[in-house]
Amino acid sequence: MKPTVVSADVLFEEFRGTLRWEWVAGLGASERRFDEVAVRAARSGADLVGYLNYIHPYRVQILGEREVAYITNAPPEDCARRIARIVTLEPPVLVLADGQVAPQALLSMCERAQIPMFSTHESSAFVIDVLRAYLSKHFADRSSMHGVFIDILGLGVMITGESGLGKSELGLELISRGNGLVADDAVDLYRINQTTIEGRCPELLQNLLEVRGIGLLDIRAIFGETAVRRKMRLKLIVHLVRRETLEREYERIPYEPLTQDVLGVPVRKVVIQVVAGRNIAVLVEAAVRNTILQLRGIDTYQEFVERHRNAMANGN
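For clarity, every value in this text was computed on a predicted model and none was experimentally measured. (Residues numbered from 1 in each chain as written. Predicted model: local features only at pLDDT ≥ 70, side-chain atom pairs only at ≥ 80, totals over all residues. Heavy atoms only, no water.)

## A look at the overall build of the chain
What counts here: Secondary structure follows DSSP: runs of H or I at least 4 residues long count as helices, runs of E at least 2 residues long count as strands, and numbering of each begins at the N terminus. Contacts are assigned to residue pairs with any non-hydrogen atoms lying within 4.5 Å of each other. Surface accessibility in these figures is a Shrake-Rupley result with a 1.4 Å probe; residues are shielded only by whichever protein chains are displayed.
Counting secondary structure elements, the chain contains 12 helices and 14 strands. Taking all contacts inside the chain whose residues are at least 6 apart in sequence as the whole, residues at least 24 apart take part in 70%. Just so you have it, the chain exposes about 17000 Å², and 50% of that area is on carbon and sulfur atoms.

## Re the UniProt feature "binding site: Mg(2+)" (unreviewed entry) in the chain
We count it as follows: UniProt positions are given in the numbering used here, feature names are shortened, and annotations may be inferred rather than shown by experiment. Only protein chains enter the accessibility calculation, which uses a 1.4 Å probe. A residue is then buried if its area is under 20% of the maximum for its type, exposed if over 50%, and partly exposed in between.
UniProt records the feature "binding site: Mg(2+)" (unreviewed entry) for Ser168 and Glu210 in the present numbering. In three dimensions, the annotated residues from a span of 43 residues occupy one location, with a maximal C-alpha spread of 6.5 Å. Discounting chain neighbours no more than four positions away, the residues touching Ser168 are Val148, Asp184, Leu209 and Glu210. Residue Glu210 is classed as partly exposed on the basis of its relative accessible area of 48%. With sequence-adjacent residues up to four places away left out, Glu210 is seen in contact with Ser168, Asp184, Gly215 and Leu216.

## Points about the confidence of the model for the chain
Put simply, the test is: Think of pLDDT as the predictor's per-residue confidence, scored from 0 to 100.
For the chain, mean pLDDT is 85; residues scoring 70 or higher make up 89% of the total. Between residues 36-47, whose pLDDT stays under 50, and residues either more than four places distant or in other chains, the model counts 20 contacts.

## Some thoughts on the packing of helix α8 (residues 167-176) against helix α11 (residues 280-295)
How two helices sit against one another is set out by the angle between their axes and by the gap between those axes. Quick note on the threshold: Inter-axis angles, ranging from 0 to 180 degrees, are taken between N-to-C directions of lines fitted to C-alpha atoms, where helices are fitted over the stretch in contact. Oblique is the label for every angle not falling under 35 degrees (roughly parallel), over 145 degrees (roughly antiparallel), or within 65 to 115 degrees (roughly perpendicular). Just so you know the grouping, Ala, Val, Leu, Ile, Met, Phe, Trp, Tyr, Cys and Pro go in nonpolar, Asp, Glu, Lys and Arg go in charged, and all remaining residues, Gly too, go in polar.
Packing of α8 against α11 brings their axes to within 9 Å, and their N-to-C directions diverge by 70°. Classified by the angle between their axes, α8 and α11 sit roughly perpendicular to one another. Along the contact surface, α8 presents Leu170, Glu173 and Leu174, while α11 presents Ile280, Ala281, Val284 and Glu285. Here the residues of the contact of α8 with α11 sort into five nonpolar, no polar and two charged.

## Let's talk about helix α6 (residues 104-113)
The condition that has to hold: Note that the arc is defined by the directions from the helix axis to the C-beta atoms.
Taken residue by residue, α6 has Leu106, Leu107, Met109 and Cys110 as its buried positions. Looking straight down α6, one finds that the buried residues subtend no more than 160° of arc, so they occupy a single side. Residues Gln104 and Arg112 are exposed on α6 and point more than 90 degrees away from its buried face. Contact partners of the buried residues in α6: β1 (22-25), β3 (60-63), α4 (65-72), α5 (76-88), β4 (94-96) and β5 (117-119). Following α6 by one or two positions, Gln114 has its phi on the positive side, about 55°.

## A closer look at the pattern of salt bridges
Between side chains of opposite charge, a pair can form when the charged atoms approach closely. Our working definition: Should a side-chain nitrogen of Lys or Arg be within 4 Å of a carboxyl oxygen of Asp or Glu, the pair is scored as a salt bridge.
On inspection of all chains with the given rule, the structure shows 10 salt bridges. Note that Asp151 is salt-bridged to Arg229, the shortest N-O span being 2.7 Å. Of this pair, Asp151 sits in strand β6 (residues 141-152) while Arg229 sits in the loop between α9 (219-223) and β12 (231-241), and the two are 78 residues apart along the sequence. Owing to a relative accessible area of 9%, Asp151 belongs among the buried residues under this scheme.

## Remarks on unusual backbone geometry
Despite not being glycine, Arg20 has its phi angle at roughly 50°, a positive value. Note that Arg20 resides in the loop between α2 (16-19) and β1. Of note in the backbone geometry, Asp185 takes a positive phi value of approximately 80° without being a glycine. Note that Asp185 resides in strand β8 (residues 180-193). Classification of Asp185 as partly exposed rests on a relative accessible area of 37%.

## As for the side chain of Ser168
Stated formally: Think of a polar contact as two N or O atoms within 3.5 Å of one another; within protein, one of them needs to be a possible hydrogen donor and the other a possible acceptor, and neighboring residues in sequence only count if both atoms come from side chains.
With respect to the element layout, Ser168 can be found in helix α8. Looking at Ser168, its side chain comes within polar contact range of the main-chain oxygen of Glu210, at 3.1 Å.

## Regarding the pairing of strand β10 (residues 208-211)
Rules: We treat two strands as partners when DSSP finds at least two bridges between them.
Taking every second residue as pointing to the same face, the buried face of β10 carries Leu209 and Val211, while none of Leu208 and Glu210 on the other face is buried. Taken together, the four bridges between β10 and strand β11 (residues 215-218) define a ladder with antiparallel strand orientation. Across the sheet, the residue bridging to Leu209 is Leu217, located in β11.

Take a look at the structure:
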């Protein structure tokens, strides 16, 4: 689901320091919001920001040097028509960038139509980059997943599995081996673009790991600042199963890499059988290293298949 839409005053306060902008018109419309239909239709928050363009209504419209010239360098009738046309786009906010001075007709139009207009000396390209990044994250599809989310060798790894298999204990061992905790038990997941899932820890659970028999552990206090992470991009799911589940539901050596759908994005997945005496932490790190190789285009299984095929062709 999409989160609550952003109002003009929230957007202004969020970037008052970064963009050093001023509120120059439409002060009475501080609660003007993004159109909910446009938010649902947008492929991502980045679609909600752009230069003045009559094809895309409901955007935060950015007016740089060229856009201001377009609405002012024309006969008076054309200028009035071009400025009036902006109202039909129903922008939640207008941003005057590049240090441009707002034409008086544009200021009057914003006051009459109650459209907030901000003014900044920052470049229009920079304004677009900042707002797109913010809106992409704010309007990202989101969900929650049960598991332990850890930074292992620079890769965001979600450890999931059946109850009672020791996910938190495994997480603690991985942390003791120099890896970093993002979240335990409940992980908030956000699809920040079409191919990327970002995992974060709910504020209530930050830095905490629950281990049965011990209770809650403050990982940051025990292992130091470097043992925790604020967020990571989800690249791998490690699913822990019992022996009977593995034999019943999974192939020993899958021909194609396993994936799991998370918010519409396929995420690589490996399945590890939990048996007494196995060093699961070592197996997880080995799976992560193998995934890193696959991301670099090195597939050990396919190389073995090709080696086997060549051996058969040679009569060996």
